[in-house]
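Residue-level structure breakdown
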Amino acid sequence: MKLSRNAVGWLNVVPLLAILIPFFVVPICVILAVSFMETDGFGGIFPVFTLENYTGVFTSSLTFNLYYETFKFTFLTLIFTAVIGFWIAYFLVFHVRSKILAMGLFLVCTVPFWTSNIIRMISWIPLLGKEGLINMGLQGTGAIDQPLEFLLFSPFAVVVAYVHQLTIFMIVPVFNSLSRIDKRVVEAALDAGASRLDVMRFVILPMSKSGIALGAIFVVSIVMGDFFVVKVMSGGGTASVVGAFYEDVGVLQYPSAAASAILLTIVVMLMVAAILRVVDIRKEISL
Amino acid sequence: MKTGNGDIELAGIVKSYDDGQTYAVNGINLKIPDGAYCCLLGPSGCGKSTILRMIAGHEDPTSGEIVIGGENVVGLAPVERRTAMMFQSYALFPHLSVRDNIAFALRVRGLSRSDRYRKADAMIEKVRLTELRDRLPGQLSGGQQQRVALARAAITEPRVLLLDEPLSALDEHLRIRMRTELRSMQQDLGITFIHVTHTQLEAIALADIVVVMDKGAIRQSGPAREIYSAPRDRYVAEFLGGQNVLSGRIGEINGVRATMNGALFSEVAIPLPAGKRLETGQELDIAIRRDDIELKPLSQKGMLPADSASVEGTVNGIEYQGNFVKVMLQAAGEDEFVAFVPERKFFEENLAIGEKVLAVWQISHTQVMA
Amino acid sequence: MTARIPGDSAKPASRVVRPRASGRPWTFYVLAGFFTLYLIALYGPMISIYILSFQDLKGGLVFPMRGFSLHWFHELFYQTRTGDFSGSFRRSIGLAVLVTVITVVFSFMAGLAFRKRFRGDTFVFYLMIGSLVAPGLVLGIGIGLAFTLLGLQASWYTSALGAQLSWTLPFGVLVMFAVMSRFNNQWEEAARDLGANASQRVRLVVLPILAPGLVAVALFGFTLSYDEFARTLQTAGPLNTLPLEIWSMTLNVTSPSLYSLGTVSTVVSFFIIGLSLGSIVLIQRHRTSSRRAALDVHIGEKQ
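What you are looking at is a predicted structure, and each value in this text was computed from that prediction instead of being measured.

A word on the overall build of chain A. Within chain A, the secondary structure is distributed over 14 helices and 2 strands. Counting across all 287 residues of chain A, residues that qualify as buried make up 53%. Of the contacts made within chain A by residues no fewer than 6 positions apart, 71% connect residues no fewer than 24 positions apart. Only carbon and sulfur atoms are counted for the fraction: they give 70% of the accessible area of chain A, which is about 13200 Å². Each charge sign in chain A was given a centre, from 17 positive and 16 negative side chains, and these centres are 17 Å apart.

Below is the structure:
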């Protein structure tokens, strides 16, 4: 008995769907449903249709501020991770001559990815704190009299922690894209009289675009969905969309929390969809 | 080792994709006798690999019958057909040793380890790989890999061995050696080989039957010599090479001969082909083998023997080939016109580019094509 | 290349890559410095907390190092004051093992499915991407709510397991795509030609050849689960996993025991990473030469 190609395909993705449907589709639907319901303000949810939760979310100036802060962090993180990730990948692909050494250095860059993000985040505390290594060092050399306050528990610390955690998401796909550039193309361009700047502009940057886009998907979705880095590293001074959502849930304001969760999910999906227009992710991965 | 009747008949084979939007194979009829070495020859995309894969059972024809040894095998699994395939890049299992690669078919049939190693070792002996039997495929040269692939396929005792571009992964030097080895292997095994290739030299060197294909259809099939020296049409002549093709119209017909006029030549005498009627004004292609052409000074124009035909041309290229010299002439408009001049003769006459010459051949050596 | 006709000054000399004595352009030195700084920033902070976790009783959260002892590790294991370290550690390992096994098996199957196109494959693919990029905490609370609605008790081995899989599976499948792209379909076809049935083809050919890739998927599955926080926070039920324990410690504990927890957790991560990379290297070394030959054949094919 020969199964059709479609049947074989579906049979093999059934286990995947058996996870994705109850643990992704259903929860999103539950939140969607709750976002249209009324509450008594004490955790009780009544199946009565209302748009109040959404009008609440859209009319609150808090929402606007939260998104402004979160977009700011997303944007800054994206810029720093892309720039750092690109140059690291470029160095490994085009400047390290030994393939084995390049692979080894690449692995050294990826190892921290497999360790805990929370630990990597808190590990900045002994460095950036008021009595941290950097302040002590600067004071020791006499560069400053007072410890720099902005280093820890500040937006600066938040960006540092994000960049520390997420640059790897840029290095890997950009490294992958750059490795695919035929070195002979670069040589041919140089032979034809192109400067190294020309090669960068017309060969290397265009080729790395898809890798940066792929990395951006991870960076955007992680930063937009984060709350614990902001909470810990900002010292409570800055809120985030998810942080506010978490506090709503903490005080049992499920429907309004659900409405803001749905808004956030839509915003993230739209951002990812926008990036996916630039890059064919399937083609990118399986080459 | 005779392993059953391996004669093959393809009857009206069609393979279409996208619900009949595109045809990979469009109506193939072909008979291959048992024990023949058959080459399917054509450019890439002509459908030759698809035919091979359909015979192997890796694809099913949209319509038509594939008959092996008198039995229609469409729908049967590859093992049930008793065919075996040798893949283009050999597809040797990278994680298995030479011995385990060759014994693979026996393993999936459930033979015990000792049984399958005994049989595999006999086969390994035959292809002279005994010292290498514990190596992984990656540690073998291209030629050794080919032998492993051949042994792995042959151990299933197939009636038909299907080879998909078996020599394309090898370098030029090795290709010629392995070509010889393939042929002697085929004679050893005494089974039908069907070999897909895009290299005409490979096909005519190896095959009992050459099948020339284009766009999913057979253009001509037959013994190598027939295909080479008597191409049926311009496509076959040009694909096989070694021929000058001239296009023109019939001028006059006089019982035993006719004359043909073309863009740059006129009144070229051609023989009247048996069993084909020519008419004045009819468009026609003829082919003349490049090694049948003799170059003479223009001054001899009036002094040619009666049984010869000729065209005038200007030499526009000379390539030294070792045992002969390839002289290219501007004589037939867009078509290339080449004479293969024996090396010694060329250097006696000392032709130069730009010189006008007379290209002469015997009328009876002309192949009149459709 | 660098030879220039004298007087040909139309193009400035700086356009030419002028090799230095060592033959490297200046950008090499700049980027090598940049790369070194990156590595220092990447590893420096982590190393500093490992060092600080070995302080003695007087130890604080910042440098300088005060004394040297295993006090804070002892505290971690034997004091309940700092939370339920042993229990959460065991649960995290157990959960990570479960997630790893399921991720490897399901990703492998999905990888097989996506090798050929099937009707609706794009839908499944984007569903997967959606699950990957959805805000973790939102998804976690959604799962928690769904469990409440169904009257089920949330626990680390049900709701948290599912929540983590909704993130590790898409990751695993993406890694599987990359792994499968190096798989030559002719291997499987050859096996079929030689009489192997579907299960023999998977068992004798596909699985052993893809083994290094599956180890990589397992590495992703284990470490992503072992460190997962956002999706687990609302789905773990009454008992904590290790990252949740660390999280509550970052909010409450101000002693170096926080760092020693980080050190222990990282040691486990490094052990897993070493184990995985080691076995990949081992399998690869066994076959290095065969890969190279496969590549040669591949190049020959293109000519």
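Our focus in this paragraph is the sheet that holds strand 1 (residues 8-17) of chain B. Residues and elements named next belong to chain B. One open sheet holds the 4 strands; their spatial order is 2-1-4-5, and the pairing between them is antiparallel. Of all the strands in the sheet, just strand 2 (22-32) and strand 5 (71-72) have a single pairing partner and so form its edges. As paired elements, strand 1 and strand 4 (residues 63-68) share 5 bridges and run antiparallel to each other. By the bridge assignment for strand 4, L10 is matched with I66. Sitting on the sheet, helix 1 (residues 48-56) is in contact with strand 1, strand 2 and strand 4, with an inclination near 115° to strand 1.

Turning next to helix 2 (residues 71-78) of chain C. Because each turn of an α-helix spans 3.6 residues, side chains separated by three or four positions end up pointing in the same direction. Looking at helix 2 of chain C, one finds that the buried residues are W72, F73, E75 and L76 of chain C. Axial view of helix 2 of chain C: buried residues confined to an arc of 155°, hence all on one face.

This part takes up the interface of chain A and chain C. A common way to report how large an interface is uses the accessible area buried once the components associate. Contact residues are listed per partner, giving 88 residues for chain A and 97 residues for chain C. Both faces combined, the contact of chain A with chain C buries some 8300 Å², and carbon together with sulfur accounts for 79% of it. Looking at the side of chain A facing chain C, the largest losses of area belong to F23, W114 and R282 of chain A, adding up to 10% of the total buried there. The tally of links between chain A and chain C comes to 0 salt bridges. Here chain A and chain C share 9 residue pairs in polar contact (both at pLDDT 80 or more) between them. With 21 residues, helix 1 (residues 5-34) of chain A is the single largest residue contributor to the side of chain A that touches chain C. Class assignment for the residues of the side of chain A that touches chain C results in 63 nonpolar, 16 polar and 9 charged.

Take the pattern of salt bridges next. Residue and element names in this part refer to chain B. Throughout the structure, instances matching the rule amount to 26 salt bridges over all chains. K48 serves as the salt-bridge partner of E165, at 3.8 Å between the closest nitrogen and oxygen. With E165 in the loop between strand 7 (160-164) and helix 7 (172-189) and K48 in helix 1, this pair connects stretches of sequence that are 117 residues apart. Neither residue differs from the other here; E165 and K48 are each classed as buried. The salt bridge involving D291 is made with R289; its shortest N-O contact spans 3.2 Å.

Reading the values: the criteria
Residues numbered from 1 in each chain as written. Chains lettered and ligands numbered in written order. Predicted model: local features only at pLDDT ≥ 70, side-chain atom pairs only at ≥ 80, totals over all residues. Heavy atoms only, no water. Helix = DSSP H or I, 4+ residues; strand = E, 2+ residues; numbered from the N terminus. Buried < 20%, exposed > 50% of the residue type's maximum accessible area, 1.4 Å probe, protein only. Contact = heavy atoms within 4.5 Å. Areas by Shrake-Rupley, 256 points an atom, 1.4 Å probe, with all protein chains shown as cover. Lys, Arg positive; Asp, Glu negative; His and termini not counted. Charge placed at Lys NZ, Arg CZ, Asp CG, Glu CD. Pairing = 2+ DSSP bridges. Axes fitted to C-alpha atoms, helices over the stretch in contact; angles between N-to-C directions. Arc of directions from axis to C-beta. Buried area = accessible area lost by both parts, 1.4 Å probe. Salt bridge = Lys/Arg side-chain N within 4 Å of Asp/Glu carboxyl O. Polar contact = N/O pair within 3.5 Å; in protein donor to acceptor, adjacent residues only side chain to side chain. Nonpolar A, V, L, I, M, F, W, Y, C, P; charged D, E, K, R; others polar.

Worth remembering: the numbers are spatial, not functional.
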